[in-house]
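This is what each chain is made of:
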Amino acid sequence: MTIPKHVAIIMDGNGRWAKQRGQTRLKGHNAGAETVERIMKASADMGIKYLTLYAFSIENWNRPKLEVEGLMQLLHNFLKKKRKLIMKEGYRLNAIGRIDMLPEKTAKLLEEVMKESENNPNGTLTFALSYGGRTEIIDATKQIAEKVAKGEISVDQIDEQIFSANLYTSNLPDPDIMIRTSGEIRLSNFLLWQLSYAEFFFTETLWPDFSREEYEQIINTFANRDRRFGGVKNA
Ligand code: IPE
Ligand code: IPE
Ligand code: MG
């Protein structure tokens, strides 16, 4: 079976999951953190080398203060509690987004766990935090413009490879699969450049309910998709 190299997931539906139970949205985010653990383990078991999880978008800063603070606290606790598990599963922790916008202590802890796990052999677990696809493209453009201004590269040299190398994801292959839970059929500013040829999977399941079985089923279905990349099969 074809195991995808890189799976990217928009973890959506925590708020609705909590609402259905008459609980606070933060309870939903807590439950969602359990799913992160489940999916990380399942990915390691299936031999998926790159797992990228959309945890907090740059637009999510506009949510009510209490929810944003709760999410930042949850991220902090998650890193503190799960660093052992990340080491056990053998994933290197990585982050993409405007990490400098996170609370200082959390950015520091993130840095620490990234450092601690940098030689892990099984793959890369990337959290998209304070991440926006358009912001990323703008940040890359600025970097490239600076290199041109300094005379390090010429305008003619700018190609897809150079552009990719200046994105936050320079050290990651493009995702093979993008999964979004909760029934929303949109990208919400996630990996706009990198998802050009990804296979999309949308499920109604809310993120806290997303099971290992459903995940494995998606990976199985992926194996049967015909990816043509603009070409012709069996010509
Ligand atoms: C996803 O769940 C988590 C984040 C965006 C941080 P939501 O909080 O968006 O849940 P819904 O979409 O309101 O149900
Ligand atoms: C996308 O979910 C961001 C994350 C899952 C982190 P949102 O819930 O923020 O997206 P919209 O608002 O429904 O587009
Ligand atoms: Mg949502």
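Coordinates for the structure precede this section.
Please read these numbers as outputs of a predicted model, since none were measured by experiment.

What counts as what
Residues numbered from 1 in each chain as written. Chains lettered and ligands numbered in written order. Predicted model: local features only at pLDDT ≥ 70, side-chain atom pairs only at ≥ 80, totals over all residues. Heavy atoms only, no water. Near = heavy atom within 4 Å. Polar contact = N/O pair within 3.5 Å; in protein donor to acceptor, adjacent residues only side chain to side chain. Areas by Shrake-Rupley, 256 points an atom, 1.4 Å probe, with all protein chains shown as cover. Helix = DSSP H or I, 4+ residues; strand = E, 2+ residues; numbered from the N terminus. Nonpolar A, V, L, I, M, F, W, Y, C, P; charged D, E, K, R; others polar. Phe/Tyr/Trp six-rings, centres within 6.5 Å; stacked < 30°, edge-to-face > 60°. Buried < 20%, exposed > 50% of the residue type's maximum accessible area, 1.4 Å probe, protein only. Lys NZ or Arg CZ within 6 Å of the ring centre and 35° of its normal. Axes fitted to C-alpha atoms, helices over the stretch in contact; angles between N-to-C directions. Parallel < 35°, antiparallel > 145°, perpendicular 65-115°, else oblique. Left-handed = near helix turned anticlockwise from the far one by under 90°. Contact = heavy atoms within 4.5 Å. Core = buried A, V, L, I, M, F, W, Y, C linked by side-chain atoms within 4.5 Å.

Chemist: Please set out the site of ligand 1 residue by residue, giving values where relevant.
Modeler: Taken together, 13 residues are adjacent to ligand 1, and Asp 12, Gly 15, Arg 16, Arg 25 and Arg 63 come closest. In this structure, an oxygen atom belonging to ligand 1 sits 3.2 Å away from a main-chain N or O atom of Asn 14. Its free accessible area being 380 Å², ligand 1 has 87% of it covered by the protein chains. Those elements that place two or more of their residues in the shell around ligand 1 are helix H1 (14-20), helix H2 (25-46) and helix H3 (65-89). Broken down by element, the shell around ligand 1 gets its largest block of residues, three residues, from H1. Of the residues assigned to the shell around ligand 1, the class counts are three nonpolar, five polar and five charged.

Chemist: Any chance you could break down the packing of aromatic side chains for me, citing the residues and the numbers?
Modeler: Summed over all chains, the structure comprises eleven aromatic pairs. A ring pair is formed by Tyr 131 and Tyr 168, whose centres lie 6.0 Å apart and whose planes are at 75 degrees; its orientation type is edge-to-face. Of this pair, Tyr 131 sits in strand E4 (residues 123-131) while Tyr 168 sits in the loop between helix H6 (160-165) and strand E5 (177-180), and the two are 37 residues apart along the sequence. Among the residues examined, Tyr 131 registers a relative accessible area of 0% and is labelled buried. Both rings, one in Trp 207 and one in Phe 210, keep their centres 5.6 Å apart while their planes meet at 20 degrees; by these two values the pair is stacked. Of the two residues, Trp 207 and Phe 210, neither departs from the other in class, the shared state being buried. Taken together, the ring pairs in this structure connect Tyr 54, Tyr 131, Tyr 168 and Phe 190 into an aromatic cluster. Taking the ring centre of Phe 201 as reference, the NZ or CZ of Arg 225 above it sits at 3.8 Å.

Chemist: For the packing of H2 against helix H7 (residues 212-223), give the residues involved together with the corresponding values.
Modeler: It is at 10 Å that the axes of H2 and H7 come closest, and there the two elements cross at 45 degrees. By the angle between their directions, the pair H2 and H7 is classed as oblique. Along this stretch, H2 crosses H7, giving a crossing that reads as right-handed. When H2 is examined against H7, the residues Arg 38, Ile 39, Lys 41, Ala 42, Ser 43, Asp 45 and Met 46 are found in contact with a partner set consisting of Arg 212, Tyr 215, Glu 216 and Ile 219. Looking at the contact of H2 with H7 residue by residue, the class counts come to five nonpolar, one polar and five charged.

Chemist: Quick one: what's the story with the packing of H3 against helix H4 (residues 104-116), residue by residue and with numbers?
Modeler: H4 packs onto H3 with a crossing angle of 15 degrees between their chain directions and a minimal axis gap of 10 Å. As far as their axial angle goes, H4 and H3 are roughly parallel. The two elements H3 and H4 meet at a crossing, and its hand is left-handed. Facing Met 72, Gln 73, Leu 75, His 76, Leu 79, Lys 80, Arg 83, Ile 86 and Met 87 of H3, the residues of H4 in contact are Lys 105, Thr 106, Leu 109, Leu 110, Glu 112, Val 113 and Glu 116.

Chemist: I'd like to hear about the nonpolar core, residue by residue, with values.
Modeler: Val 7, Ile 9, Leu 93, Leu 125, Ile 179 and Tyr 215 are the most contacted members of the largest nonpolar core, which totals 43 residues. With nine residues, H3 is the single largest residue contributor to this core. Other than its neighbours up to four places away in sequence, Val 7 contacts Ile 48, Tyr 50, Leu 51, Thr 52, Ile 177, Ile 179, Tyr 215 and Ile 219. Counting residues in hydrophobic clusters, the runner-up holds eleven residues, among them Tyr 54, Ile 96, Ala 128 and Met 178.

Chemist: I'd like a description of the site of ligand 2, backed by residues and values.
Modeler: Around ligand 2 lies a shell formed by Ile 10, Met 11, Asp 12, Tyr 54, Ala 55, Phe 56, Ser 57, Asn 60, Arg 63, Arg 180, Arg 186 and Ser 188. Within the contact set of ligand 2, an oxygen atom lies 2.8 Å away from a side-chain nitrogen or oxygen of Arg 186. Between ligand 2 and the protein, one listed contact pairs an oxygen atom with a side-chain N or O atom of Ser 188 at 2.6 Å. Protein burial of ligand 2: of its 390 Å² of free accessible surface, 78% is covered by the chains. Top element by residues in the shell around ligand 2 is strand E2 (residues 50-57). It accounts for four residues. Its residues assigned to classes, the shell around ligand 2 shows five nonpolar, three polar and four charged.

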